[in-house]
Number of protein chains: 2
Amino acid sequence: MAAAEARPGGRRRCRRLEGEAARAVLGAADTLLFDCDGVLWRGEAALGGAAAALGRLAAAGKRLCYVTNNSSRTRQAYGEKLRRLGFPPATPRHVFGSAYCAARFLRQALPPGAAAYVLGGPALAAELREAGVPHLEPGPAALPGPAPADWARAPLDPAVRAVLVGFDEHFSYAKLCQALRYLLRGPDCLLVATNRDHRLPLEGGAAIPGTGCLVKAVETAAEREAFIVGKPNRYMFDCVASEFDIDPARTIMVGDRLDTDILMGNTCGLTTLLTLTGVTTLEEVKGHEESDCPARQSLVPDYYVDSIADLLPALED
Amino acid sequence: MAAAEARPGGRRRCRRLEGEAARAVLGAADTLLFDCDGVLWRGEAALGGAAAALGRLAAAGKRLCYVTNNSSRTRQAYGEKLRRLGFPPATPRHVFGSAYCAARFLRQALPPGAAAYVLGGPALAAELREAGVPHLEPGPAALPGPAPADWARAPLDPAVRAVLVGFDEHFSYAKLCQALRYLLRGPDCLLVATNRDHRLPLEGGAAIPGTGCLVKAVETAAEREAFIVGKPNRYMFDCVASEFDIDPARTIMVGDRLDTDILMGNTCGLTTLLTLTGVTTLEEVKGHEESDCPARQSLVPDYYVDSIADLLPALED
């Protein structure tokens, strides 16, 4: 497979994936990791040609996995959505959401009997249950009295040894307060978060705050940095690699975000492919390409396509 | 008045304020600015000797002002608390809380008719009302529906041209969402916060999250930095200086926090006096003294006392 292309001076360079190069790159890969939102679909609508492209990749014997920072859906729910939108059948085992990866991390990191205090929703709780990680059920929480002294006296669960922060539409000062109180138990209480995405884009240019905002609030209170299981951290790739026999040199990471999908792929030695159907423009890529800053260089993908439908010609017999 | 003492190499040095030096330093000052919590009182209990020391300073003709990052009380409420705990009478005019300073800033910065969206409590709203700044009433807020698309369609007030973040026990994802939507209007919508204190210490080593956690959440969502009216920013001192005829060379800032009280005092050219009755230890001061880092040097106070009761001997006739 074509390695990351470097220009004189060591700069990375991003090329359009088309023609013979596309046939060669796809032919040499045995695994493709797909981000979902902005890559395969937007909201409830599959992107044109995406299902057909994945169908051909599956028919050609490629392993298809799905890696998403969204902590609001279970592996099961992703499998159902893929099926509903016409993508090739995917078992939950091929889906690596940040809720599942967080549950997996805590199952390994927590001592027996230890529990997690969860800022998150039902999907995060379901993945914890599935992984056998004891946890407090998430949901709305009220302050336990009118005065700060009351808030600092609310009951704490003695079993809690981790605070887990995911997307939580019921996030509140009351929950931030409890999270801080658990974290003040010291380094024995882990601080884990699903991802740092700071905004979730919606249709029509609207946006809502992402999990990263909640993580920052908790980190600021606790004066600690969270361990992030989601992209760009390599933990999510390590989950894939521990489940399947993955050769990074034969794996392509396909995503629409430079600071999560492409950075994780580059960090893990994968071939990286940006699709312009999501939040990134080619101008941003060019800006990073021209930069001498190593941090910006690491955001440059190996290849880009306007849409993964552009892969269809290279996948014809 | 004794200027900031510098050792060879330009390092600041912090000395105990006692004996003849104390008489000289206090004698040369005409104004003292006091932080309150941890300096004058803890919770509802005045610190021993503090009221007597301030009584003598007032009797000696010193101007006493109160500068606090706490946005949960009005100037009026601070005046009443000072009286209740036996301190010399203080008019609201001598109290500079971050709620008042934020209202003052917005009165000057907002165009006529423009309003503020407020994350805060009743005291912040009261100071805005007093300053004549139109604002949405703070309080609990619920998400306007089950789905993200609903959240991005909740009504917005067309008059809002600022988001103001103070201490808000009703802070929630729903309010973070509305704040982001106002800030997405662009630079015409200001982002202002009362302070960045990340924790509020309570009795017995307990702590609750401070306003700084909420500010970080909003800044992360909006990808913007807030203008902070509270310490260590000099805006709070500028408020004092625009109200009274202040000579920085004849003004002492008395506080218990290095990163707010002492930093603001040093930045504004005041004499700085640390009291060890609050959150800071002398070991922390020594660490900054020994550092070559300019940012840490700027946290070194000119003087320290164990408690402001230590000033009493220097204030005897």
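This is a predicted model, so every value here is computed, not measured.

The rules behind each value
- Residues numbered from 1 in each chain as written.
- Chains lettered and ligands numbered in written order.
- Predicted model: local features only at pLDDT ≥ 70, side-chain atom pairs only at ≥ 80, totals over all residues.
- Heavy atoms only, no water.
- Pairing = 2+ DSSP bridges.
- Helix = DSSP H or I, 4+ residues; strand = E, 2+ residues; numbered from the N terminus.
- Contact = heavy atoms within 4.5 Å.
- Axes fitted to C-alpha atoms, helices over the stretch in contact; angles between N-to-C directions.
- Least-squares fit on C-alpha atoms with pLDDT ≥ 70 in both.
- UniProt positions renumbered as here; feature names shortened; annotations may be inferred.
- Buried < 20%, exposed > 50% of the residue type's maximum accessible area, 1.4 Å probe, protein only.
- Polar contact = N/O pair within 3.5 Å; in protein donor to acceptor, adjacent residues only side chain to side chain.
- Parallel < 35°, antiparallel > 145°, perpendicular 65-115°, else oblique.
- Left-handed = near helix turned anticlockwise from the far one by under 90°.
- Nonpolar A, V, L, I, M, F, W, Y, C, P; charged D, E, K, R; others polar.
- Buried area = accessible area lost by both parts, 1.4 Å probe.
- Salt bridge = Lys/Arg side-chain N within 4 Å of Asp/Glu carboxyl O.

1. Describing the sheet that holds strand 16 (residues 271–275) of chain B
All names here are of chain B. In space, the seven strands of this open sheet follow the order 3-17-16-15-4-7-8, with parallel pairing throughout. Each edge of the open sheet is held by one strand with a lone partner, namely strand 3 (15–16) and strand 8 (95–97). Packed onto the sheet, helix 10 (residues 258–267) meets strand 15 (251–255) and strand 16 and runs at close to 160° relative to strand 16.

2. Comments concerning the relation of the copies chain B and chain A
Once turned by 180° and shifted 0.0 Å along the axis, chain B lies on chain A with an RMSD of 0.0 Å. Given the turn and translation reported, the copies of this chain are related as if by a two-fold rotation axis. Measuring from the rotation axis to each C-alpha of chain B, the shortest distance belongs to Ser172(B), at 2.0 Å.

3. Details of the UniProt feature "binding site: substrate" (unreviewed entry) in chain A
Residues and elements named next belong to chain A. In the numbering used here, UniProt assigns the feature "binding site: substrate" (unreviewed entry) to Lys231. Relative to the helices and strands, lysine 231 resides in the loop between strand 12 (227–228) and helix 9 (235–243). A relative accessible area of 2% means that lysine 231 is categorised as buried. Here lysine 231 is in contact with Asp35, Val67, Thr68, Asn69, Met236, Met253, Thr260, Asp261 and Met264, once residues within four sequence places are set aside. One polar contact links the side chain of lysine 231 to the main-chain carbonyl oxygen of valine 67, over a distance of 2.8 Å.

4. Let's talk about unusual backbone geometry
Residue and element names in this part refer to chain A. Geometrically, the link from lysine 231 to proline 232 is a cis peptide bond, its omega value of 10° lying close to zero. Tracing the backbone shows proline 232 in the loop between strand 12 and helix 9. If you check the backbone angles, glutamate 223 has positive phi at about 55° while not being a glycine. Following the sequence through the fold, glutamate 223 ends up in the loop between helix 8 (211–222) and strand 12. Note on glutamate 223: relative accessible area 53%, which makes it exposed.

5. As for the packing of helix 7 (residues 173–183) of chain B against helix 8 (residues 211–222) of chain B
Residue and element names in this part refer to chain B. Between helix 7 and helix 8, the shortest axis-to-axis distance is 9 Å and the interhelical angle comes to 45°. Between helix 7 and helix 8, the angle is such that the two are oblique. With respect to the hand of their crossing, helix 7 and helix 8 are arranged in right-handed fashion. Taking contact as the criterion, the partners of Leu176, Ala179, Leu180 and Leu183 in helix 7 are, on helix 8, Ala217, Val218, Ala221 and Ala222. The class makeup of the residues in the contact of helix 7 with helix 8 is eight nonpolar, no polar and no charged.

6. With respect to the sheet that holds strand 15 (residues 303–305) of chain A
To summarise the sheet geometry, strands pair through backbone hydrogen bonds and adopt either a parallel or an antiparallel arrangement. Residue and element names in this part refer to chain A. Pairing is parallel in the open sheet, where seven strands are placed in the order 1-15-14-13-2-5-6. The sheet is open, and its two borders are formed by strand 1 (15–16) and strand 6 (95–97), each paired with just one other strand. Here strand 2 (residues 31–34) pairs with strand 13 (residues 251–255) via four bridges, running parallel. Looking at the pairing, phenylalanine 34 lines up with valine 254 of strand 13. On top of the sheet, helix 3 (residues 75–84) reaches strand 5 (63–68) and strand 6; it is set at about 125° to strand 6, its chief contact.

7. Details of the side chain of Lys175(A)
Residues and elements named next belong to chain A. Within the fold, lysine 175 resides in helix 7 (residues 173–183). A relative accessible area of 2% means that lysine 175 is categorised as buried. At a separation of 2.7 Å, a polar atom in the side chain of lysine 175 contacts the main-chain carbonyl oxygen of glycine 139. Apart from the residues lying within four places of it in its own chain, the contact partners of lysine 175 are Tyr117, Leu119, Gly139, Ala141, Asp168 and His170.

8. Here we look at the pairing of strand 9 (residues 115–119) of chain B
Where burial is concerned, most of strand 9 of chain B is hidden: five out of the five residues are buried. Alternating residues of strand 9 of chain B divide into Ala115(B), Tyr117(B) and Leu119(B) and Ala116(B) and Val118(B), and every residue in both groups is buried.

9. A few points about the interface of chain B and chain A
Accessible area lost when the parts come together is the quantity often used to give the size of an interface. Contact with chain B, which involves 32 residues of that partner, is made by 33 residues of chain A. Together chain B and chain A conceal approximately 2800 Å² of surface at their shared face, both sides included; 70% is due to carbon and sulfur atoms. Where chain B packs against chain A, one counts two salt bridges. Here Arg199(A) ties to Glu223(B) by a salt bridge, and the two come within 3.6 Å at their closest N and O atoms. If you look at where chain B meets chain A, you find 10 residue pairs in polar contact (both at pLDDT 80 or more). Of all elements in the fold, only helix 6 (148–151), helix 7, strand 13 (207–209) and helix 8 of chain B reach the threshold of two or more residues within the side of chain B that touches chain A. Tallied by class, residues from the side of chain B that touches chain A come to 22 nonpolar, four polar and six charged.

10. A word on the UniProt feature "binding site: Mg(2+)" (unreviewed entry) in chain A
All names here are of chain A. UniProt records the feature "binding site: Mg(2+)" (unreviewed entry) at Asp35, Asp37 and Asp256, using the numbering of this structure. The largest pairwise C-alpha distance within this set of annotated residues, which runs over 222 residues, is 8.3 Å, so the set is compact in three dimensions. Looking at where aspartate 35 falls in the secondary structure, it is placed in the loop between strand 2 and strand 3 (41–42). Take aspartate 35: its relative accessible area is 7%, and that puts it in the buried class. Apart from the residues lying within four places of it in its own chain, the contact partners of aspartate 35 are Leu40, Val67, Thr68, Lys231, Met253, Val254, Gly255, Asp256 and Asp261. Reaching out from aspartate 35, the side chain makes a polar contact with the side chain of lysine 231 at a distance of 3.0 Å.

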